[in-house]
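Residue strings, one per chain:
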Amino acid sequence: MRRGLSIVLALAVMPVLAQDRLDQAIDTSERTTHDASRSQSRIDRLDDETRRKLEAYRQAIWERQQLDVYGEQLAELQRIQQQDVERLREELAEVPLSEDDLMPLMLRMVDALERFVAADLPFLANEREQRLTSLKQALGDAETAVSEKYRRVVEAYQIELDYGRGLASERTELELGGRRVVVDTLRLGRVALYFLSLDGGTAAMWDDIAGEWTELPATHRSMIRQGIRIAREVAAPELLRLPVPAPTEAEERS
């Protein structure tokens, strides 16, 4: 009788033990799955971070390559300009300078340069005006040698010629709407002149025909800001999409 009771109890206990083991196996499986999911999430985050770092590295390499190309272009430009200076010096040394011959020519050259500056885009106004004033004083100074006068006239023309190349930016004060405002300007050679207010809220382009600034849509502000960064050599050169003035009738005929 006792043996039969023991068998019955054993049979009753076996399903309970089997269920416990099954529950333990399920718990273990769930923990394993959860741990695997957490590990995969960490791997995915690492993959995303690696991709971001790789993209940043590729961008840095591209910008470095662009800066190298820009530097080579500047070096070539400097070499050409140096050759021009040397050529002018050689020509100056070979010309039999006579004040009677050269003075009328230099006066006409300075007058033409002054009229050109007055009709040009309004940039570096003080610097250019001071250069013209200094040049006129030199031409009227009897103590200044004719060769020096001629050199300074040619130098002034060379400086004005250089203004037509590349990008340039300056921080200046403009009179807008009856008040003085400090802005950052961007000049594309002699093609176009823009400004961006220091708070970035206003952008404008110089209208040469109207002789005043014309405000631009907000869509152009970021591109002008980028152009200013490139001109100041804090960003790699890139294509700028900006509006430019329509050619005048005289330009079209030329």
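The structure presented is a predicted model; accordingly, all values stated were derived computationally and were not measured.

Focus: the packing of aromatic side chains
Link 1 in the chain: One pass over the full model with this rule turns up three aromatic pairs.
Link 2 in the chain: Pairing phenylalanine 123 with tyrosine 163 gives two aromatic rings, centres 5.3 Å apart and planes at 90°, and the pair type is edge-to-face. In this pair, phenylalanine 123 is assigned in the loop between helix H2 (99–119) and helix H3 (125–139) and tyrosine 163 in the loop between helix H4 (146–162) and strand E1 (167–176), connecting sequence segments 40 residues apart.
Link 3 in the chain: By relative accessible area, phenylalanine 123 is classed as buried at 3%.
Link 4 in the chain: Between the aromatic rings of tryptophan 206 and tryptophan 213, the centroid separation amounts to 5.4 Å while the plane-to-plane angle is 75°, which identifies the pairing as edge-to-face.
Link 5 in the chain: Three or more aromatic residues joined by ring pairs make a cluster, and in this case those are Phe195, Trp206 and Trp213.
Link 6 in the chain: One cation-aromatic arrangement involves arginine 128 over phenylalanine 123; the distance from NZ or CZ to the ring centre is 4.1 Å.
Link 7 in the chain: In this structure, arginine 187 packs its charged tip against the face of phenylalanine 123, placed 4.1 Å from the ring centre.

Observations concerning unusual backbone geometry
Link 1 in the chain: Of note in the backbone geometry, leucine 124 takes a positive phi value of approximately 45° without being a glycine.
Link 2 in the chain: Within the element layout of this structure, leucine 124 appears in the loop between H2 and H3.
Link 3 in the chain: Backbone geometry at glutamate 233 places phi at a positive 60°, although glycine is not the residue there.
Link 4 in the chain: On the secondary structure map, glutamate 233 appears in the loop between helix H5 (221–231) and helix H6 (249–253).
Link 5 in the chain: Its relative accessible area of 53% is what places glutamate 233 among the exposed residues.

Points about the nonpolar core
Link 1 in the chain: The biggest cluster of nonpolar side chains holds 13 residues, and the ones touching the most others in it are Met106, Val110, Leu135, Leu139 and Val153.
Link 2 in the chain: Of all the secondary structure elements, the ones that give two or more residues to this core are H2, H3 and H4.
Link 3 in the chain: Here this core takes seven residues from H2, the largest share from any one element.
Link 4 in the chain: Sequence-distant contacts of valine 153, defined by excluding residues within four places in its chain, comprise Met106, Met109, Val110, Leu135 and Leu139.
Link 5 in the chain: The next biggest cluster of nonpolar side chains, apart from the first, holds 12 residues, and it includes Ala192, Tyr194, Leu196 and Ala231.

A closer look at the environment of aspartate 162
Link 1 in the chain: Locating aspartate 162 in the fold gives a position in helix H4.
Link 2 in the chain: Along the primary structure aspartate 162 and glycine 189 are separated by 27 residues, whereas in three dimensions their C-alpha atoms are 8.5 Å apart.

Quick word on the packing of H3 against H4
Link 1 in the chain: At a closest axis distance of 10 Å, the pairing of H3 and H4 adopts a crossing angle of 165°. Classed by the angle they form, the pair H3 and H4 counts as roughly antiparallel. Classified by chirality, the crossing of H4 by H3 is left-handed. Residue-level inspection shows Arg128, Arg131, Ser134, Leu135, Ala138 and Leu139 of H3 in contact with H4, the latter providing Lys149, Arg152, Val153, Ala156, Ile159 and Glu160.

Details of the confidence of the model for the protein chain
Link 1 in the chain: Averaged over every residue, the pLDDT of the protein chain is 78; residues scoring 70 or more account for 69%.
Link 2 in the chain: Counted against residues more than four places away or in other chains, residues 5–14, with its pLDDT under 50, gives zero contacts.
Link 3 in the chain: Confidence drops under pLDDT 50 across residues 250–254; counting only partners more than four residues distant or on other chains, this segment forms one contact.

Re the pattern of salt bridges
Link 1 in the chain: Summed over the entire model, instances satisfying the criterion amount to 15 salt bridges.
Link 2 in the chain: For glutamate 173, the salt bridge identified is with arginine 180, shortest N-O distance 3.3 Å.
Link 3 in the chain: Look at glutamate 173 and you get partly exposed, because its relative accessible area is 41%.
Link 4 in the chain: The class for arginine 180 is partly exposed, based on a relative accessible area of 48%.
Link 5 in the chain: The residue glutamate 175 makes a salt bridge to arginine 180 at a minimum N-O spacing of 3.7 Å.
Link 6 in the chain: Ionic contacts of the salt-bridge type, sharing partners, join the residues Asp120, Glu127, Arg128, Arg131, Glu160 and Arg190 into one network.

Each value, and the rule that gives it
Residues numbered from 1 in each chain as written. Predicted model: local features only at pLDDT ≥ 70, side-chain atom pairs only at ≥ 80, totals over all residues. Heavy atoms only, no water. Phe/Tyr/Trp six-rings, centres within 6.5 Å; stacked < 30°, edge-to-face > 60°. Helix = DSSP H or I, 4+ residues; strand = E, 2+ residues; numbered from the N terminus. Buried < 20%, exposed > 50% of the residue type's maximum accessible area, 1.4 Å probe, protein only. Lys NZ or Arg CZ within 6 Å of the ring centre and 35° of its normal. Core = buried A, V, L, I, M, F, W, Y, C linked by side-chain atoms within 4.5 Å. Contact = heavy atoms within 4.5 Å. Axes fitted to C-alpha atoms, helices over the stretch in contact; angles between N-to-C directions. Parallel < 35°, antiparallel > 145°, perpendicular 65-115°, else oblique. Left-handed = near helix turned anticlockwise from the far one by under 90°. pLDDT = per-residue confidence, 0-100. Salt bridge = Lys/Arg side-chain N within 4 Å of Asp/Glu carboxyl O.

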